[in-house]
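# Examining the three-dimensional arrangement
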Amino acid sequence: MNQNWGLVLSGGGAKGAYQIGVWKAMKELHMEEWIGGISGSSIGTLNAALFACNNYENANEVWNQVNLLSVFDTEWALIDGKEGTFSREEMLTLFRTYVDIPKIIHSERPIYCSISRLMPDRSYQGEYARLDGRTQYIIEQLLMASSALPIIHEAVEYQDWFYRDGGLTDNVPIRPLYDHGFRKIIVIGLKEEMKRFEADFPDVEFLSVYPSHDLGDLIHGTLNFKPRFIEFCKKLGYKDGLRTFRAYQNGDMNTVKMQELAKLDFQELTVEMKQAELQSSVDEHMDTLKGIMGKYGID
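To start, this report covers the structure provided alongside it.

The rules we used
- Residues numbered from 1 in each chain as written.
- Predicted model: local features only at pLDDT ≥ 70, side-chain atom pairs only at ≥ 80, totals over all residues.
- Heavy atoms only, no water.
- Helix = DSSP H or I, 4+ residues; strand = E, 2+ residues; numbered from the N terminus.
- Polar contact = N/O pair within 3.5 Å; in protein donor to acceptor, adjacent residues only side chain to side chain.
- Contact = heavy atoms within 4.5 Å.
- 1 Å grid on protein atoms, 1.4 Å probe; cavity = no way out; pocket = protein on both sides within 12 Å on 5 of 7 lines; lining within 4 Å.
- Points joined across faces, edges and corners; volume = space filled by probe spheres on them.
- Nonpolar A, V, L, I, M, F, W, Y, C, P; charged D, E, K, R; others polar.
- Buried < 20%, exposed > 50% of the residue type's maximum accessible area, 1.4 Å probe, protein only.
- Core = buried A, V, L, I, M, F, W, Y, C linked by side-chain atoms within 4.5 Å.
- Pairing = 2+ DSSP bridges.
- Axes fitted to C-alpha atoms, helices over the stretch in contact; angles between N-to-C directions.
- Parallel < 35°, antiparallel > 145°, perpendicular 65-115°, else oblique.
- Left-handed = near helix turned anticlockwise from the far one by under 90°.
- Arc of directions from axis to C-beta.

### Observations concerning the side chain of Glu-127
Here Glu-127 lies in strand S4 (residues 124-130). At 2.7 Å, the side chain of Glu-127 and the side chain of Arg-117 are in polar contact. Polar contacts involving the side chain of Glu-127 include one to the side chain of Tyr-163, which spans 2.9 Å. Sequence-distant contacts of Glu-127, defined by excluding residues within four places in its chain, comprise Cys-113, Ser-114, Ile-115, Arg-117 and Tyr-163.

Here's what the structure looks like:
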């Protein structure tokens, strides 16, 4: 198949792990080669860069490494309410370790990100920038700008202006791919309500994947970088993606049937997560028991 589909990755903080799960489904169904252009916002920009490198294993490892400290790197004792308290160095280190920068620079596919320019009146103006064909320094500046949360992170200077999180102005950046000429677009959103943005592009064929189960609010979702939540998001994304893409390939996108299958998938996922949690608890207790036995010389 020709690379005539665009891929849009929305923002959503820790919920972005969901997109890695959907990517796994795309990989298994050989849909990666469908993608001729990529667009991301906020955490979706990081995932867009990872996707452009064509290395799912690396991307999955990035999300295994992501935690609260890597995203909000700071000396907690220094927090005083000032804007920009949190550093980006840990996130940059992850990016430099796992992203193949030359593949971004020399990508044959356009890679867009949404950014929000801070205007003199403190309002925001949405813009789009390309990552491909740029220097490593510019790529990193755009990555940081697209994910610079207000208050938490400092605004990022780029071309004599200051920018913040792309999600402030366009959290589902369909527009740059549309303007590039794509009329078939896969959207991996992180909230079902994001689907409403598709209505602005009536001549586009959308094949979209949104969470079949709500991924939580700001505290329990967007900022929840606990390993168990990250794993849940990845697993849900995989199941939602596999179900949606298989139905599309089979020409059977019946809404009622898809909803019933989604319920079954979620029940199965819940059981998987509980079993994994139970096994982890058993392993932890066994390690403790072995330590006690070892202390007293019992094999």
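### Remarks on empty space enclosed by the protein
Counted according to the given criterion, the structure contains 1 cavity of 30 Å³ or more. Taken as a whole, the largest cavity spans an internal volume of roughly 40 Å³. Lining the largest cavity, in full, are Leu-7, Leu-9, Gln-19, Ile-20, Trp-23, Met-26, Asn-47, Phe-51 and Ile-188. For the lining of the largest cavity, the secondary structure elements donating two or more residues are strand S1 (5-9), helix H1 (17-28) and helix H2 (43-52). In terms of residues, the lining of the largest cavity owes the most to one element, H1, which gives 4 residues. Classifying every residue of the lining of the largest cavity by side-chain character gives 7 nonpolar, 2 polar and no charged.

### Thoughts on unusual backbone geometry
Here Asn-54, not a glycine, exhibits a phi torsion of approximately 60°, which is positive. Along the chain, Asn-54 falls in the loop between H2 and helix H3 (56-65). Of note, Gln-159 is a non-glycine position whose phi angle comes to about 50°, a positive value. As for its position among the elements, Gln-159 is in the loop between strand S5 (156-158) and strand S6 (161-164). In this structure Gln-159 comes out as exposed when scored by relative accessible area, which is 55%.

### Details of the nonpolar core
Of all hydrophobic cores here, the largest spans 68 residues; its most connected members are Tyr-18, Ile-35, Ile-104, Ile-186 and Phe-245. Setting aside chain neighbours within four positions, we find Phe-245 in contact with Val-22, Ala-25, Met-26, Leu-29, Met-31, Ile-186, Leu-207 and Val-209. One finds Ile-174, Leu-177, Phe-182 and Phe-201 within the second-largest nonpolar core, a separate group that totals 14 residues.

### Points about the pairing of S6
Side-chain direction in a regular strand flips from residue to residue, so the side chains alternate between the two faces of the sheet. With 2 bridges connecting them, strand S3 (residues 111-118) and S6 associate as antiparallel partners. What sits directly across from Arg-117, in S6, is Tyr-163. With 3 bridges joining them, S5 and S6 adopt antiparallel strand pairing. Bridging across to S6, Glu-157 finds its partner in Phe-162. Between S5 and S6, which follow one another and run antiparallel, lie 2 residues, and Gln-159 among them has a positive phi close to 50°.

### Thoughts on the packing of H1 against helix H10 (residues 227-250)
It is the contact of H1 with H10, at a shortest axis distance of 6 Å, that shows an interaxial angle of 40°. When the interaxial angle is binned, H1 and H10 end up oblique. For the pair H1 and H10, the sense of crossing is right-handed. Between H1 and H10, the residues in contact are Ala-17, Tyr-18, Ile-20, Gly-21, Val-22, Lys-24, Ala-25, Met-26 and Glu-28 and Ile-230, Cys-233, Lys-234, Leu-236, Gly-237, Tyr-238, Asp-240, Gly-241, Leu-242 and Phe-245, respectively.

### A few points about the environment of Thr-135
Take Thr-135: it is sitting in the loop between S4 and helix H7 (136-146). What makes Thr-135 partly exposed here is its relative accessible area of 46%. When the C-alpha atoms of Thr-135 and Pro-102 are compared, they prove to be 9.2 Å apart, with 33 residues separating the residues in sequence.

### With respect to H3
The set of residues buried in H3 consists of Tyr-56, Ala-59, Asn-60, Val-62 and Trp-63. Considered in projection along H3, the buried side chains sweep an arc of 150° and stay on one side of the axis. Among the structural elements, H1, H2, helix H5 (89-98) and H10 are those in contact with the buried residues of H3. The backbone nitrogen of Glu-57 lies 3.3 Å from a side-chain oxygen of the residue at the head of H3, namely Asn-55.

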